[in-house]
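Now for the letters of each chain:
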Amino acid sequence: MDFLGLMSDTYTFISDANGSRRWLDHCVVTKSAMQTIVNVYVKLDVTWSDHFPLVVQCKLDCIKPAHYNVNKFCSKVRWNERQPEQIKLYKKLCHENLRHIDFPNELSTCADYMCNDLTHRFAIDRLYNNIVDALSRAASDSCTPKCTRKKKPVIGWNKHVSVAHRNARSKFELWVLTGKPGEGPVWNEMRESRRLFKSRLKWCQNNRDQIRMDILASHHAKNDFKNFWKSTNKLNNKPGIPVSVNDVSDRKCIANLFRDHFTVKSPLGPQQSGSRFIQHGREPSTQITAKGVREVIKSMSRGKSPGHDDLSVEHLKCAGPHLARVLAMLFSLCIGHSYLPADMMKTVVVPVVKCKTGDISDKGNYRPISLATIISKVLDGLLGTQLDKYIKLHDNQFGFRPGLSTEAAILSVKQTVKYYTVRSTPVYACFLDLSKAFDLVSYDILWQKLDKLSMSRDLVHILKYWYLNQVNVVRWAGEYSDPYRLECGVRQGGLTSPKLFNLYVNALIEELSSTHVGCHIDGVCLNNISYADDMVLLSASVCGLSKLIAICERYAESHGLIYNAKKSECMVFHSRGKCPDNIPSIKLNGAPLKKVEQFKYLGHLVTSDLKDDADIERERRALSVRANMIARRFARCSVDVKITLFRAFCTSLYTSSLWINYTKKQYSALRVQFNNAFRVLLGLSRFCSASGMFAEFGVDCFYTTMRKRCASLVRRTWGSSNSILRLFSERFDCQYMNHCCMIHVLPNLK
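All of the points below concern the structure found in this document. Keep in mind that this is a model prediction, so the values were computed, not measured. (Residues numbered from 1 in each chain as written. Predicted model: local features only at pLDDT ≥ 70, side-chain atom pairs only at ≥ 80, totals over all residues. Heavy atoms only, no water.)

A few points about the overall build of the protein
Across its full length, the protein holds 25 helices and 19 strands. Once the C-alpha set of the protein is aligned to its principal axes, its extents read approximately 100 × 90 × 70 Å. When each of the 750 residues of the protein is scored for burial, the buried share is 44%. By sequence separation, contacts in the protein at least 24 residues apart represent 75% of the contacts at least 6 residues apart. (Helix = DSSP H or I, 4+ residues; strand = E, 2+ residues; numbered from the N terminus. Buried < 20%, exposed > 50% of the residue type's maximum accessible area, 1.4 Å probe, protein only. Contact = heavy atoms within 4.5 Å.)

Below you can see the structure in the form of structure tokens.
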């Protein structure tokens, strides 16, 4: 259409019957490929059929080939898969390498608080490099990885093909040594061994899915659930790397494109804090002990991607007893000098696809994942432990706090609304949306908030130095972008980042809760419920809600945060089925908010009448998707594997313990979906007894699953130290707690 034009008399199909003309051939190209097209025409002189070929001429000289699948040798430092003998050797080598690392001589006489001596910083750099070098050399010497193959490995090679391949290879070499005869016993043995090898190889290629399922069954039978879930995750389809992103095809340019895309500018302008800090006299430095380092390493999860130095948590867990000592010494020196080595702070940012079914050539469909060095993560964990001693958050904040969850936040919102609506009082709610809240944290304001805490000055200064000097690079297909630094926002993936963000918005929660506006129950303020950056404002009047919104607007403006009026919505919860008439418009930053009848808050559908049919339908559809997925992908698995997958994917009914107002029809539909999912997965008859099949295979039925989830909610609410949850657990009119206790929990305590 672009080259021939809509008004041209050229078509690719002309009917001999009635002479009608149609376009049956189309060529869809990207914007980058459009630039290579020289000419488009139809070959009308071809009489093979009534379908004329469409010819597209391209100039391929301007296309730069994208060599993404470059064969490289595996890093010897990376942990990958290691045998017990290799792990034992690695631990021995680490013991030999780390025990020679001692306190730097240059720092033996240093007793100044926040010393700025450059030679001391060089000594800290050398100490860090020695630790990394010791771990890297031990990992490299204890493992000899194979280079990556040009072709994908054959599934089941070691079990079904390797023996036949070795036999065929030996027979072939014997045949070559005997002069390559064309007949005789040597010839026959060589030919028969090759036939057997090829037949087994062909069988593996034709039965790859079945072999994968057998591997899962083998891991499950051995109770090796680490490799079981690892093999299960490998079955997930991952999108490939696009040739171009936003019409950019060069890998280096794509990395720089994402670098600019991920860089966020603060509305308050560039930060004013410098990299040097004023000394406040001599203060005792924070003590970092080997025991604390050991506990942080023990609590870290395995299987995470390594940083730029290829070291992961497995290297630290298996390094032996000396590692905690040298790391504690390194961290104590870093905190005492308010300095961190540059290689330790270097972070690699990897773009990850948000929606796999979306356009993977659009930069907006990617989110950043930061890969920090593992030693910096250990220090981050130690700093997080120290921050917990000083940061005191308001109880209305439920995000990133131990013992609290999204379910607790949703319970607080719904029970507060229920308390007012049963007393014939409508509740006006506003669901606020902060745009890039974690990325817009102003450092100058954050340092001021940290300075107000009674924590050690060296902790504040080490965090300042970290944020002001961290260098990031974006990695795309093996290429790295130009380095850049953060101008605002907490570090993505940092262990202290959630705590710092909660501190950043805690003053807003305290200001809202200190006002006598909005919903209150027994003297406890419930006019705002927050889960990280998701906040709900609750008030019994429109005027009160507007005052709460005004407080949020002033706080956001002074702290460099931005509220998105298009995604923020308001809702009126009816009192006994009645809705107030002529509700005034509720505005956020001068823009009127959209009034809705339902809102998806933290994944739970909240409706204006507090009915749970919509959320049950949401969970029923999600259950259907999960059940169909595992039934299709794992159809050839053993029964035990299928039962394990069912328990993992189909019994986690999100917020099911909060369903108290629903129709019997909708609840039964979810139960039927739950039962049918188990039937389809195990290939049972749709008319078989539900209670009988669950009892036969030892799986909890639908009602048992619901009772357990309700019992879990009651246990967590009764044992919580949060004042809001404790309020609900002590009140006899809390319908959600009464529903869980009377219907699901107490009848089973006989």
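Moving on from the coordinates now.
Examining the pairing of strand β19 (residues 604–607)
The side-chain alternation of β19 yields two buried faces, one formed by His604 and Val606 and the other by Leu605 and Thr607. In terms of strand pairing, strand β18 (residues 598–601) meets β19 through four bridges, oriented antiparallel. Across the sheet, residue phenylalanine 599 finds its bridge partner in β19, namely valine 606. What sits between the antiparallel neighbours β18 and β19 is a turn of two residues, in which leucine 602 has the positive phi angle 55°. (Pairing = 2+ DSSP bridges.)

Side note on the side chain of asparagine 528
If you trace the backbone, asparagine 528 turns up in strand β12 (residues 528–531). Residue asparagine 528 is classed as buried on the basis of its relative accessible area, which comes to 0%. Here the side chain of asparagine 528 touches asparagine 527 through a polar contact of 2.7 Å, side chain to side chain. Setting aside its immediate chain neighbours within four residues, asparagine 528 contacts Asn396, Ile509, Leu512, Ser513, Val536 and Leu537. (Polar contact = N/O pair within 3.5 Å; in protein donor to acceptor, adjacent residues only side chain to side chain.)

Things to note about the side chain of threonine 515
As for its position among the elements, threonine 515 is in the loop between α17 (497–514) and β10 (520–521). At a separation of 2.6 Å, a polar atom in the side chain of threonine 515 contacts the main-chain carbonyl oxygen of leucine 512. Beyond its immediate stretch of four places on either side in the chain, threonine 515 contacts His520, Asn527, Leu548 and Ile551.

Focus: empty space enclosed by the protein
To find the voids left in a structure, one rolls a probe of water-molecule size over its atoms. Enumeration over the complete set of coordinates arrives at three cavities of 30 Å³ or more. Considered as a void within the structure, the largest cavity measures approximately 60 Å³ in volume. Counting residues per element, the lining of the largest cavity draws most heavily on α17, at four residues. Taken together, the residues of the lining of the largest cavity break down into eight nonpolar, one polar and one charged. (1 Å grid on protein atoms, 1.4 Å probe; cavity = no way out; pocket = protein on both sides within 12 Å on 5 of 7 lines; lining within 4 Å. Points joined across faces, edges and corners; volume = space filled by probe spheres on them. Nonpolar A, V, L, I, M, F, W, Y, C, P; charged D, E, K, R; others polar.)

Some words on helix α7 (residues 225–234)
Along α7, the residues classified as buried are Phe228, Ser231 and Thr232. Buried residues of α7, seen end-on, are gathered within an arc of 105° and therefore sit on one face of the element. For α7, the exposed residues lying more than 90 degrees away from the buried face are Lys226 and Lys234. Of the surrounding elements, those touching the buried residues of α7 are α6 (208–221) and α20 (639–649). (Arc of directions from axis to C-beta.)

Some words on the packing of aromatic side chains
Following the criterion strictly, the structure yields 30 aromatic pairs and no others. With centroids separated by 5.1 Å and ring planes inclined at 70°, the aromatic side chains of phenylalanine 258 and tyrosine 366 adopt a geometry described as edge-to-face. Here tyrosine 366 lies in strand β6 (residues 366–371) and phenylalanine 258 lies in helix α8 (residues 251–262), a separation of 108 residues in the sequence. Of the residues examined, tyrosine 366 reaches a relative accessible area of 4% and is grouped as buried. A centroid spacing of 5.8 Å and a plane angle of 20° characterise the contact between tyrosine 443 and tryptophan 447, whose relative ring orientation is stacked. Taken as a pair, tyrosine 443 and tryptophan 447 lie in helix α15 (residues 443–452) at a separation of four residues, close to a single helical turn. Exposure remark for tryptophan 447: the relative accessible area of 2% places this residue in the buried category. An aromatic cluster is present here, built from Phe646, Tyr662, Tyr667, Phe674, Phe678, Phe694, Phe697, Phe702 and Tyr703 joined pairwise through their rings. Against the face of tyrosine 419 rests arginine 423, its NZ or CZ located 3.9 Å from the ring centre. Positioned over the ring face of tryptophan 466 is arginine 491, at 4.1 Å from the centre of the ring. (Phe/Tyr/Trp six-rings, centres within 6.5 Å; stacked < 30°, edge-to-face > 60°. Lys NZ or Arg CZ within 6 Å of the ring centre and 35° of its normal.)

Overview of the sheet that holds strand β8 (residues 472–476)
The sheet built from four strands is open, its strands ordered β6-β5-β8-β9 with mixed pairing. This sheet does not close on itself; its edge strands, each paired only once, are β6 and β9 (479–480). Contacting β5 (347–353), β6, β8 and β9, α8 runs over the sheet at an angle of about 135° to β8. (Axes fitted to C-alpha atoms, helices over the stretch in contact; angles between N-to-C directions.)

Some thoughts on helix α2 (residues 84–98)
Taking 1.5 Å as the rise per residue, α2 with 15 residues should run 21 Å; its terminal C-alpha atoms sit 21 Å apart, in good agreement. Within α2 the residues assigned to the buried category are Tyr90, Cys94, Asn97 and Leu98. Buried residues of α2, viewed axially, fall in a sector of 80°; they line one side. Turned more than 90 degrees from where α2 packs its buried face, Pro84, Glu85, Lys88 and Lys92 sit exposed. As for α2, its buried residues are in contact with α3 (118–141), α10 (313–317) and α11 (322–337). (Expected span 1.5 Å × (residues − 1).)

Structural notes on the sheet that holds strand β7 (residues 427–432)
Read across the sheet, five strands follow the order β12-β13-β7-β14-β17 without closing on themselves; strand pairing throughout is mixed. Either end of the sheet is taken by a strand with one partner, and the two such strands are β12 and β17 (594–595). Looking at chain direction, β12 and strand β13 (residues 534–539) are connected through four bridges and run antiparallel. Bridging from a neighbouring strand, isoleucine 529 pairs with valine 536 of β13. The sheet contacts of helix α14 (residues 406–421) involve β7, β12, β13 and β14 (569–573), and relative to β12 the element is tilted by about 165°.

Topic: the packing of α15 against helix α16 (residues 457–469)
Two numbers describe how α15 lies on α16: the axes approach to 10 Å, and their chain directions differ by 170°. Classified by the angle their axes make, α15 and α16 are roughly antiparallel. Regarding α15 and α16, the two cross each other, and that crossing is right-handed. Judged by residue contacts, Tyr443, Trp447, Leu450 and Asp451 of α15 engage Arg457, Val460, Leu463, Lys464 and Tyr467 from α16. Here the residues of the contact of α15 with α16 are counted per class, giving six nonpolar, no polar and three charged. (Parallel < 35°, antiparallel > 145°, perpendicular 65-115°, else oblique. Left-handed = near helix turned anticlockwise from the far one by under 90°.)

Some remarks on the state of the cysteines
Every disulfide links exactly two cysteines, by a covalent bond between their sulfur atoms. Scanning the entire structure with this criterion turns up zero disulfides. No disulfide involves cysteine 650; its sulfur sits 14 Å from the nearest other cysteine sulfur, which is in cysteine 637. Taking the relative accessible area as the measure of exposure, cysteine 650 reaches 0% and is therefore buried. Counting only cysteine sulfurs, cysteine 701 is the nearest neighbor of cysteine 688, a cysteine outside any disulfide, at a range of 14 Å. (Disulfide = S-S within 2.5 Å.)

Here we look at a positive patch on the surface
Residues Lys354, Arg367, Lys436 and Lys567 make up a contiguous surface patch of positive charge. In this fold, arginine 367 is placed in strand β6. (Patch = residues over 30% accessible without salt bridge, like charges linked within 9 Å, V, L, I, M, F, W, Y side chains within 5 Å. Areas by Shrake-Rupley, 256 points an atom, 1.4 Å probe, with all protein chains shown as cover. Salt bridge = Lys/Arg side-chain N within 4 Å of Asp/Glu carboxyl O. Lys, Arg positive; Asp, Glu negative; His and termini not counted. Charge placed at Lys NZ, Arg CZ, Asp CG, Glu CD.)

Here we look at the packing of helix α19 (residues 613–633) against α20
As a packed pair, α19 and α20 sit with axes 10 Å apart at the nearest point and diverge in direction by 160°. Classed by the angle they form, the pair α19 and α20 counts as roughly antiparallel. The element α19 and its partner α20 pack so that their crossing is right-handed. Residues Arg626, Met629 and Ile630 of α19 lie in contact with α20, whose contacting residues are Leu645, Phe646 and Phe649. For the contact of α19 with α20, the class distribution of residues is five nonpolar, no polar and one charged.

Remarks on the pattern of salt bridges
Summed over the entire model, instances satisfying the criterion amount to 22 salt bridges. For lysine 414, the salt bridge goes to aspartate 612, with nearest N and O atoms at 2.7 Å. One end of the pair, lysine 414, is in helix α14; the other, aspartate 612, is in the loop between β19 and α19, with 198 residues separating them in the sequence. An identical accessibility class is assigned to lysine 414 and aspartate 612; each is buried. A single salt-bridge network, built from bridges that share partners, covers Asp615, Arg618, Glu619 and Arg626.

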